[in-house]
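# A closer look at the structure
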Amino acid sequence: MSKLSFEENLEKLEVLVKKLESGENSLDEAVKLYQEGISLAKICHEELKNAEEVIVKLMDSEGLVDFNKE
Amino acid sequence: MVRQYLTVTALNRYLKYKFDNDQELSSILLKAEISNFKRHSRGHLYLTLKDDTSQVSAIMFVSNTKVLNFNPKDGDKVIVEGYVSIYEAYGTYQIYIQKMDLDGVGDLYLAYEKLKDDLSKKGYFAEEHKQKLPCFPKTVGVITSPTGAAVRDIINVINNRFPMTSIIVYPALVQGVNAKESIKLQIEKANQQGLVDVLIIGRGGGSIEDLWAFNEEIVARAIYDSKIPVISAVGHETDFTISDFVSDVRASTPSHAAELVVKNYRDVIGEILTYQERLELALLNLYNNYLKHYKQIVNRNVLKNPMRLIQTKELAYANLLDRLSMVSPVNIINNKKEKVDILIKQIRSEFKYLLKDRQNTYQNLIEKLELTNPLNIMKKGYAIVKQDGMIKKHYTEILKDKDLVIALNGGEVTTKIIAMEGEHNE
């Protein structure tokens, strides 16, 4: 099952945070990790804020059709 | 012959004695329908039990009514446990009810207990067979009635918590004789199609008969075999079904299932902000560590007081010369002196190299951390001496007949050299 790009980004962010927290990076690397982390956090945050509404489908005998929510 | 006449009381007492000593009548099980139901003010229940052609009076004393799990009313089909006896005052026989259940429910309950026991022994409820729910399901499958309240509750809650999610509703009958087959087929279909990351199977509240499909073995089997994690959400908080036990996670209601299946995006934003704070803190810590390290390097003697190294070497050299002059003829002294001169030149050039290397490191650190500025040093009263635009770091680099430029705090001064008086004898 493929993951949401959101989840992948969040996982990447977690890895970056842990890497930076290890304190084993040069200053250059650290600044790069930091910048990359902040931009990932921003992407994730934006994605969450901009999500609109769930898409609901019905699995008919014919296949997927729109689900009537009313 | 004198005829013996009995009193009515004696007759009734005799009959009561007969009834009470009859094995069959002292414990009977009866299937019947209730009519003429009355609740006495003291709590005793008076009723008639009947079938298509016959009827019999019955009484249930208040002490026995405590364990009733339904409210009896006319027309209820019941199964009854009790004994038959005679009410002497009226000479009527009646059934004294000790236990009464709705007919059918008892059977269902027994079937439920038996299946639960069987499946438990087969390992259907084993903890090690349970699958973990995905953290962020892309698509949630819902197997339920497409027109029920349950599906609407689930959609609303997911929409409110994590609207990035998609939902696929697999329509199923959730009550009636065909429900079990319908639910089973949809679980299998969802697994074959592989479009969803997690399944919610359930329906809203109802009577035990309404929820019965979720107590069927073929439904339990389908849930057990599902490769997709399953959340069971049947009825209300207090309803427990076989599906609840066999599924990976039990939700008390359909809304609760929706809460379990997706995180609240507000909480996730909180997580992201925490990560951001951790990044900032980690970078700051690292920076502080480098700063500390840098200070340690700068404070080393060789950088703080470079002349001391040369002085130490020269002292050793002078000492050596003294010792040589004391023990050796002049030519040997001269010979040795040449060698020592070479040696000291080597020491000097090595030291210069070392010093330069340290200064480079020092310079790099300064640039990297942007901490110091030569202007700051000048503010403390130090000056830089230049000739021909080059910074002069040593007396020996100074040429007497050229202008000297002194850069100090606030500007530069160009001067002529009047005298030179170095300690050096090169």
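These figures come from a predicted structure and were not determined experimentally. What you see as residue numbers is a count from 1 along each chain, following the sequence as written. For this description, chains carry letters from A and ligands carry numbers from 1, given in the order in which they are written. Reporting of local features is limited, given that this is a predicted model, to residues whose pLDDT is at least 70; pairs of side-chain atoms are given and counted only at 80 or more, and all residues count toward the totals for whole chains, interfaces and linings.

Our next topic: the overall build of chain B. From N to C terminus, chain B includes 14 helices and 14 strands. Here the C-beta atoms are placed from the backbone, and a residue counts as buried if at least 20 other C-beta atoms lie within 10 Å of its own, exposed if 12 or fewer do, and partly exposed otherwise. Taken over 426 residues, chain B has a buried fraction of 21%. The helix and strand labels rest on DSSP assignments: H or I over at least four residues marks a helix, E over at least two residues marks a strand, and numbering proceeds from the N terminus.

Secondary structure summary: chain A contains two helices and two strands in total. Counting from the amino terminus, helix and strand elements in chain A follow one another as α-α-β-β. Going through the 70 residues of chain A one by one, you find that 21% of them count as buried. By the criterion used throughout, residues are in contact when their C-beta atoms, derived from the backbone, lie within 7 Å. In chain A, 40% of the contacts between residues at least 6 apart in sequence involve partners at least 24 apart.

A separate point is the nonpolar core. Judged by nonpolar contacts, the single largest core of 49 residues is most densely connected at Ile 154, Ile 158, Leu 199 and Ile 200 of chain B. The residues touching Ile 158 of chain B, leaving out its near neighbours within four places in the chain, are Val 54 of chain A together with Val 140, Thr 165, Ile 167, Ala 258 and Val 262 of chain B. Only buried Ala, Val, Leu, Ile, Met, Phe, Trp, Tyr and Cys residues enter a nonpolar core, and they are joined through C-beta atoms within 7 Å. With 18 residues, the next largest nonpolar core counts Val 17 and Leu 33 of chain A together with Tyr 275 and Leu 279 of chain B among its residues.

This brings us to the sheet that holds strand E4 (residues 77-87) of chain B. The strands that make up a sheet are held in pairs by hydrogen bonds between backbone atoms, and each pair lies either parallel or antiparallel. Residues and elements named next belong to chain B. The rule for pairing is simple: two strands pair if DSSP sees at least two bridges between them. The strand order E1-E2-E3-E5-E4 describes a closed barrel built from five strands, whose pairing is mixed. For this sheet, the mean inter-axis angle between neighbouring strands, taken without regard to orientation, is 50°. With 10 bridges connecting them, E4 and strand E5 (residues 92-102) associate as antiparallel partners. Residue Ile 86 lies in a different strand from E5, and its bridge partner there is Tyr 93. Axis definition: a line fitted to C-alpha atoms, over the contacting stretch in the case of helices. Angles run 0 to 180 degrees between N-to-C directions.

Glancing now at the sheet that holds strand E6 (residues 139-144) of chain B. What the seven strands build is an open sheet, ordered E2(A)-E1(A)-E7(B)-E6(B)-E8(B)-E9(B)-E10(B); its pairing is mixed. The open sheet has two edge strands, strand E2 (64-66) of chain A together with strand E10 (249-251) of chain B, and neither has a second partner. Sheet twist, expressed as the mean angle between neighbouring strand axes with direction ignored, is 25°. Two elements, strand E8 (residues 198-203) of chain B and strand E9 (residues 230-234) of chain B, share five bridges in a ladder whose sense is parallel. If you follow Ile 200 of chain B over to E9 of chain B, its bridge partner there is Ile 231 of chain B. Against the sheet, helix H9 (residues 254-261) of chain B touches E6, E8, E9 and E10 of chain B, its axis set at about 155° to E9 of chain B.

Given a helix with a known number of residues, its expected span is that number minus one, times 1.5 Å. The end-to-end C-alpha distance of helix H1 (residues 8-20) of chain B is 18 Å, a good match for the 18 Å that 13 residues give at a rise of 1.5 Å each. Along H1 of chain B, only zero of the 13 residues are buried, which leaves the element largely exposed.

Residue and element names in this part refer to chain B. Between helix H5 (residues 149-161) and H9, whose axes approach to 8 Å, the crossing angle comes to 30°. When the axes of H5 and H9 are compared, the pair comes out roughly parallel. You can see that H5 and H9 cross each other, and the crossing is right-handed. Between H5, through Ala 150, Asp 153, Ile 154, Val 157, Ile 158 and Arg 161, and H9, the contact on the second element is made entirely by Pro 254, Ser 255, Ala 257, Ala 258 and Glu 259. Along the lines of polarity and charge, the residues of the contact of H5 with H9 split into seven nonpolar, one polar and three charged. Working definition: roughly parallel below 35 degrees, roughly antiparallel above 145 degrees, roughly perpendicular at 65 to 115 degrees, and oblique for all remaining angles. By definition, turning the near helix anticlockwise from the far helix through less than a right angle yields a left-handed crossing, and turning it clockwise yields a right-handed one. Each residue is assigned to one of three groups, with Ala, Val, Leu, Ile, Met, Phe, Trp, Tyr, Cys and Pro labelled nonpolar, Asp, Glu, Lys and Arg labelled charged, and all others, Gly among them, labelled polar.

Structurally, the position occupied by Lys 66 of chain B is in the loop between helix H3 (62-65) and E4. In sequence terms Lys 66 of chain B and Lys 99 of chain B are 33 residues apart; their C-alpha atoms lie 9.8 Å from each other.

Turning to the interface of chain B and chain A, a few remarks are in order. Taken residue by residue, the interface counts 33 residues in chain B and 33 residues in chain A. Mapped by element, the contributors of at least two residues to the side of chain B that touches chain A are H5, strand E7 (166-171) and helix H10 (265-298) of chain B. Among the elements that take part in the side of chain B that touches chain A, H10 of chain B stands out by supplying 15 residues, more than any other. Pairing of strand E1 (residues 55-59) of chain A with E7 of chain B involves four bridges; the strand directions are parallel. Paired with Lys 57 of chain A across the bridge in E7 of chain B is Ile 168 of chain B.

Turning our eyes to something else, we now look at the pairing of E4 of chain B. All names here are of chain B. Both strand E1 (residues 28-39) and E4 contribute to a ladder of six bridges, which runs antiparallel. Residue pairing for E4: Ala 32 is matched across the bridge by Val 78. Connecting E4 to the antiparallel partner E5 that follows it, the hairpin turn spans four residues, and Gly 91 within it adopts a positive phi of roughly 70°.

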